[in-house]
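Letter by letter, the chains look like this.
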Amino acid sequence: MIRVQRDIFDIGMEIEALTNERTDIGAVVSFTGLVRDFNDGSKVTGLSLEHYPGMTERELAKIEEEARARWDLQDSLIIHRYGEMALGEPIVLVVTASPHRQDAFEAAHFLMDWLKTKAPFWKQEMNASGKTNWVEERESDLKAARRWNSDA
Amino acid sequence: MKILYFAWLKTKLQMTAETIPWSEECRDTDNLVRWMKTRGPSFAEVFSDLEVVRIAVNQEYITGNTALGKEDEVAFFPPVTGG
């Protein structure tokens, strides 16, 4: 399932909802991305995320479909926020469920790596003096995403 | 044809979206970009380095020059930084 929303989410509640009344799931892996107070050596005081409504949902759905084709997943969830976010708040949540841990671990890793290079979101950081700065793409993220191409 | 701009492209062009009439000059994405560069200094600057501009047509990334029709939605944006 894909959710793109402005509102904050509760990680525990999301995992509980996904596994509730199910006895076939053996492993649940979750990844949460948080707003941190530094980037590339500079202090960050807040974050704002812009996205491309419509294309965002399409890209996330494609990435999820790819994960479910590659790994034995019983369920999956991607939540990504947009808009203004305070330090420490969650930005993104990926949850994967499988009978055994390896599929859930790998699929969650893959979902995050692909999401970071494909889903049309753009981060804008704020600093203490009120200045805003568009975050730049990282070579390490591109490398991480490419790693999953070879075993397609 | 609907044109959308995101992130720093939007900031530099001071525009989020516009509708332009279809013409031979924008019959495909290569020609559209060429035409964009002629629209003034801020457009010329934004489209000067195509390594940092991604293009989507009808909400799908394009992999090469793509034909455009008058009902198409074209989006220009920088490399994505979500997650």
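Residues numbered from 1 in each chain as written. Chains lettered and ligands numbered in written order. Predicted model: local features only at pLDDT ≥ 70, side-chain atom pairs only at ≥ 80, totals over all residues.

1. Observations regarding the confidence of the model for chain B
Moving on, step 1. On average, chain B scores 97 in pLDDT, and the residues at 70 or more come to 100%.
Moving on, step 2. At the level of chain-chain contacts, confidence expressed as ipTM amounts to 0.95, with global pTM at 0.95. (pLDDT = per-residue confidence, 0-100.)

2. Some remarks on the environment of A:K143
Moving on, step 1. Here A:K143 shows up in helix 4 (residues 139-146).
Moving on, step 2. Between the alpha carbons of A:K143 and A:T117 there is a distance of 9.8 Å; along the sequence they are 26 residues apart. (Helix = DSSP H or I, 4+ residues; strand = E, 2+ residues; numbered from the N terminus.)

3. Thoughts on the nonpolar core
Moving on, step 1. Within the largest apolar cluster, 45 residues are counted, with the highest numbers of intra-cluster contacts made by A:L111, B:F6, B:L9 and B:A75.
Moving on, step 2. A total of seven residues in this core trace back to one element, the largest contributor, which is helix 3 (residues 101-118) of chain A.
Moving on, step 3. Ignoring sequence-local partners within four residues, the contact set of B:F6 consists of A:E50, A:Y52, A:W122, B:A75 and B:F77. (Core = buried A, V, L, I, M, F, W, Y, C linked by C-beta atoms within 7 Å. Buried ≥ 20, exposed ≤ 12 C-beta atoms within 10 Å, placed from the backbone. Contact = placed C-beta atoms within 7 Å.)

4. Quick notes on the pairing of strand 9 (residues 121-126) of chain A
Residue and element names in this part refer to chain A.
Moving on, step 1. The pairing of strand 5 (residues 46-51) with strand 9 spans six bridges and is classified as antiparallel. Pairing of G46 across the sheet is with M126, part of strand 9.
Moving on, step 2. Alignment of strand 9 against strand 10 (residues 132-134), held across three bridges, turns out to be antiparallel. Counted as the bridge partner of Q124 is W134 from strand 10.
Moving on, step 3. Once strand 9 ends, the chain turns through five residues before running back antiparallel as strand 10, passing G130 with a positive phi of about 85°. (Pairing = 2+ DSSP bridges.)

5. Some remarks on the interface of chain A and chain B
Moving on, step 1. Taken residue by residue, the interface counts 22 residues in chain A and 13 residues in chain B.
Moving on, step 2. For the side of chain A that touches chain B, the secondary structure elements donating two or more residues are strand 5, helix 2 (55-70), helix 3 and strand 9 of chain A.
Moving on, step 3. Considering each element in turn, the side of chain A that touches chain B owes the most residues, five residues, to helix 3 of chain A.
Moving on, step 4. Here the residues of the side of chain A that touches chain B sort into 12 nonpolar, four polar and six charged. (Nonpolar A, V, L, I, M, F, W, Y, C, P; charged D, E, K, R; others polar.)

6. Notes on the sheet that holds strand 6 (residues 75-81) of chain A
Strands belonging to one sheet form pairs held by backbone hydrogen bonds; the direction of such a pair is parallel or antiparallel.
Residues and elements named next belong to chain A.
Moving on, step 1. Spatially, the four strands line up as an open sheet ordered 1-6-8-2, and their pairing is mixed. A strand with exactly one partner marks an edge of an open sheet, and here the two such strands are strand 1 (2-5) and strand 2 (27-34). If you compare each strand with its neighbour and ignore which way they point, the axes differ by 10° on average.
Moving on, step 2. One ladder, built from four bridges, connects strand 1 with strand 6; its direction is parallel. When the sheet's bridge partners are listed, Q5 is paired in strand 6 with R81.
Moving on, step 3. Helix-sheet contacts for helix 1 (residues 11-19) involve strand 2, strand 6 and strand 8 (90-98), and the interaxial angle to strand 8 is about 25°.
Moving on, step 4. Contacting strand 2, strand 6 and strand 8, helix 3 crosses the sheet at an angle of about 150° to strand 8. (Axes fitted to C-alpha atoms, helices over the stretch in contact; angles between N-to-C directions.)

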